[in-house]
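# Per-entry structural report
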2 protein chains.
Amino acid sequence: MADAEKPNCKVVLANNIAKSLLEEVHDGLKKIDRKPLLVGFLSSSDPAARVYAEWTGKTANENGFAFQLRELDRELLEDALIDANTDPSVDGIIVYYPIFNNRQDQYLQQIVSVDKDVEGLSHQYIFNMYQNIRFLDPENTKKSILPCTPLAVIKILEYLRIYNTILPYGNRLHGRTITVVNRSEVVGRPLAALLANDGARVYSVDIADVQQFDRGVGLRKRRHEVTEKPGWTLKDCLPLSDVVISGVPGSSYKVPLELVRDGAVCINFSSEKNFAPEVKEKASIYVPAIGKVTIVVLLRNLLRIVQNKIDEKAQADKSVGGGLKQVEAKEEMKAEAKAEKEVGQPL
Amino acid sequence: MADAEKPNCKVVLANNIAKSLLEEVHDGLKKIDRKPLLVGFLSSSDPAARVYAEWTGKTANENGFAFQLRELDRELLEDALIDANTDPSVDGIIVYYPIFNNRQDQYLQQIVSVDKDVEGLSHQYIFNMYQNIRFLDPENTKKSILPCTPLAVIKILEYLRIYNTILPYGNRLHGRTITVVNRSEVVGRPLAALLANDGARVYSVDIADVQQFDRGVGLRKRRHEVTEKPGWTLKDCLPLSDVVISGVPGSSYKVPLELVRDGAVCINFSSEKNFAPEVKEKASIYVPAIGKVTIVVLLRNLLRIVQNKIDEKAQADKSVGGGLKQVEAKEEMKAEAKAEKEVGQPL
């Protein structure tokens, strides 16, 4: 009797999910004969940025990576990044935002070399993500880098078996309906696109409107399409959704639980609590925070970048003019950006 | 007596400045055996965007360029831009913003191919501008593209002889003190950087603070540096400034004329009137609007892009593997971004 009254919700902590991802990272690291160096640049006056920097350092050091934190005046940052881009000892670069807290921050994001961008914020990576292009080379050997936080949510959904491994890669969310609350350019919109590219029907909810992201009936489209849902609000999306993912900044926002389906999976990626404690009386699974997964995804991206670099060097050593071919291949890839790509590979 | 009471201010209209720039464009066009095609993409619901589009078309057609306006749903824009990027009949692309009116607009800006970006909004161009790198190739034959609106202001200052042609190229604003009101990432900040790169001391004024952009004593620095001016406001900058350039959106903002130096040069780049009519009693020169110059600068950028493309083709035809060398050169350029560059060339 007591059991029947107790809520059934399984609360899954980021730490546990991070652990399973870390095993994969450790395995990859064993195949490399040195410690990859991640350099963090701290020019932000936001205390949260410092906490994130310290946490990155701690996680990196505990897991076989070298980490250096470089604190400097924000006016010196652009030149420092350019130096790090060409410094062969630096494998990966992370910049802690906000710095100017305006569009100058986006300018700085594009300064970081594509080859060292562990955060996955370079336009090339963002473009590949929206276009559902999963590889950097035409031979499909070098995987593209995805932005950390959206990828962390994907990894959580994989861990929670929302991705159905019975289905083919690239369509493993087929049949799922997911609401993403917040359509920021950093997390909300890319996340909606990634989920739709994997076959889900996604409702992307912002203050102004609701948009539907999906690949249509039969998933024959290479990538998602976006359609406006005029007049729609959370009242229309939440009752339809198996999964509710929320990332609204600000402590006052709460997802209206009365609209959430019984047994829905609820994930909070805001640093604030977007779900009231009563979520446990409704949800089947609840993930209250994702930060620790995000940092492991960052290290995983760094590992991938180092592996790509090693592979590239091996290829260049094999064939004379190999380096040039890489450049050629990149140019070709750009031209073929619209061409159909096989999407049958895990992220 | 009547004359002495009459204000001396010379009001210079954009149209007259545009005409002198157009002559240069016509001369360049004569050397090309076809009409360059500019394609405008209109997915904005802002009526001002439509007016700008129509004005571009009119100016382009009247001056020997072909113009096509493509109106489409904003959800289709990304793919349409990718198509235009690879369509050899399209020489230049302009997108009318705002579209989503958030950071997705910046994402779209980066979709436009660097080789067709007449607005000069590609990261590579913006990077070159801030870093004061004036060429696209190590041989300094292909000039980089500059963002239209800031470049229009530069061209106006050249026309007004604020640029002193006695001084060497690249330092022709040496000794000038200029206040730029508004530090947007689209115009205000790049403009401050361009002016400082040309030798001026620039006070960049935003709601929050004042920053000084300059290349220091003796102009020995390759590019400008930025320093905060804690506690400064317009009260401190305007009395020191020979030139006041304002671009604050919103009809209520007015530059406080009582702080403006007698005989200052005043330029308004806002679509609203940032200077009250009494500016004519203070300023020596007043430019009330710059839109028509901006469109001519756009055509000038298009011409430069077409010329660069023709030069590139000629070089490729001359040497086997020339195309590859171009790619190599670009990669090299990136690596050498920090290297000293000769700045002795007009923009």
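Residues numbered from 1 in each chain as written. Chains lettered and ligands numbered in written order. Predicted model: local features only at pLDDT ≥ 70, side-chain atom pairs only at ≥ 80, totals over all residues. Heavy atoms only, no water.

### Things to note about the UniProt feature "domain: Tetrahydrofolate dehydrogenase/cyclohydrolase catalytic" (unreviewed entry) in chain A
How we decide: UniProt positions are given in the numbering used here, feature names are shortened, and annotations may be inferred rather than shown by experiment. In this description a helix means any DSSP run of H or I spanning at least four residues, a strand means any run of E spanning at least two, and both kinds are numbered starting from the N terminus.
The feature "domain: Tetrahydrofolate dehydrogenase/cyclohydrolase catalytic" (unreviewed entry), as annotated in UniProt, sits at residues 15-119 of chain A in this numbering. Segment residues 15-119 of chain A splits into 49% helix and 16% strand. End C-alpha atoms: 20 Å apart.

### Side note on the UniProt feature "domain: Tetrahydrofolate dehydrogenase/cyclohydrolase NAD(P)-binding" (unreviewed entry) in chain A
Look at the UniProt record and you will see "domain: Tetrahydrofolate dehydrogenase/cyclohydrolase NAD(P)-binding" (unreviewed entry) annotated at residues 147-206 of chain A. For residues 147-206 of chain A, helix accounts for 37% and strand for 17%, while the C-alpha atoms at its two ends are 20 Å apart.

### Some remarks on the relation of the copies chain B and chain A
Note that the two copies of the chain are related through a rotation about an axis and a translation along the same axis. Basically, it comes down to this: For the least-squares superposition of copies, only C-alpha atoms count, and only for residues with pLDDT at least 70 in both. For this analysis, residues touch if any pair of their heavy atoms sits within 4.5 Å.
For the pair chain B and chain A, the superposition axis carries a translation of 0.0 Å, the fit reaches an RMSD of 0.0 Å, and the rotation angle comes to 180°. Within this description, the copies of the chain are treated as partners about a two-fold rotation axis. Comparing interface residues between copies, 100% of those in chain B also lie at the interface in chain A; the contact surface is shared.

### Quick word on the interface of chain B and chain A
Counted only if it meets this: When two parts are brought into contact, each loses some accessible area as probed by a 1.4 Å sphere; the total of that loss over both is the buried area. In what follows, salt bridge is the name for a side-chain nitrogen of Lys or Arg lying within 4 Å of a carboxyl oxygen of Asp or Glu. Think of a polar contact as two N or O atoms within 3.5 Å of one another; within protein, one of them needs to be a possible hydrogen donor and the other a possible acceptor, and neighboring residues in sequence only count if both atoms come from side chains. Following the grouping adopted for this structure description, the nonpolar residues are Ala, Val, Leu, Ile, Met, Phe, Trp, Tyr, Cys and Pro, the charged ones are Asp, Glu, Lys and Arg, and the polar ones are all others, Gly among them.
Taken together, the contacts link 33 residues of chain B with 33 residues of chain A. Here chain B packs against chain A, burying approximately 3,200 Å² in sum over the two surfaces, 53% of which is carbon and sulfur. Measuring nitrogen to oxygen at the nearest pair gives 3.2 Å for the salt bridge that ties B:Arg223 to A:Asp79. In this assembly, chain B and chain A are joined by twelve residue pairs in polar contact (both at pLDDT 80 or more). Within the residue set of the side of chain B that touches chain A, elements represented by two or more residues are α4 (77-86), α5 (103-111), α6 (123-131), β8 (225-228) and α11 (322-335) of chain B. Class assignment of the residues belonging to the side of chain B that touches chain A gives a composition of eleven nonpolar, eight polar and 14 charged.

### Structural notes on the domain arrangement of chain A
Think of interface size as the accessible area that goes away when the parts come together; that is how it is often given. Put simply, the test is: What marks off one domain from the next here is an automatic or database domain assignment.
Examined at the domain level, chain A breaks down into domain 1 (29-119) and domain 2 (149-292). Inter-centroid distance (C-alpha atoms) of domain 1 of chain A to domain 2 of chain A is 29 Å.

### With respect to the pairing of strand β10 (residues 265-268) of chain B
Looking down a regular strand, the side chains alternate between one sheet face and the other. Residues and elements named next belong to chain B. Rule in force here: For the exposure calls, accessible area comes from a 1.4 Å probe over protein chains only, and a residue counts as buried if that area is under 20% of its type's maximum, exposed if over 50%, partly exposed in between. Two strands are counted as paired when DSSP detects at least two bridges linking them.
Along β10, one buried face is formed by Val 265 and Ile 267 and the opposite face, lined by Cys 266 and Asn 268, is buried too. Pairing analysis gives four bridges linking strand β9 (residues 243-246) to β10, with the strands arranged parallel. Note on β10: the bridge partner recorded for Ile 245 is Ile 267.

### What about the nonpolar core?
Soluble globular proteins tend to pack their nonpolar side chains together in the buried interior. All names here are of chain B. To be explicit about the condition: Only buried residues count toward a nonpolar core. Its members are Ala, Val, Leu, Ile, Met, Phe, Trp, Tyr and Cys residues joined through side-chain atoms within 4.5 Å.
In this structure, Leu 195 and Ile 245 are the most contacted members of the largest nonpolar core, which totals 87 residues. Looking at this core element by element, the count peaks at nine residues for helix α10 (residues 291-318). Once residues lying within four places of it in the same chain are set aside, the contact partners of Ile 245 are Val 153, Leu 157, Ile 178, Thr 179, Val 180, Val 181, Leu 191, Leu 195, Ile 267 and Phe 269.

### Quick look at the sheet that holds strand β6 (residues 201-205) of chain B
All names here are of chain B. Condition: Only the stretch in contact is used when a helix axis is fitted, and all axes are lines through C-alpha atoms; the angle between N-to-C directions ranges over 0 to 180 degrees.
Read from one edge to the other, the open sheet built from eight strands follows the order β1-β11-β10-β9-β5-β6-β7-β8, with strand pairing classed as mixed. At either margin of the open sheet sits one strand with a lone partner, and together these are β1 (10-11) and β8. Where strand β5 (residues 177-181) and β9 come together, four bridges link them in parallel fashion. Looking at β9, one finds that Ile 178 is bridged to Val 243. Across the sheet, helix α8 (residues 188-197) lies against β5, β6, β7 (210-214) and β9, angled at about 35° from β7, the strand it touches most.

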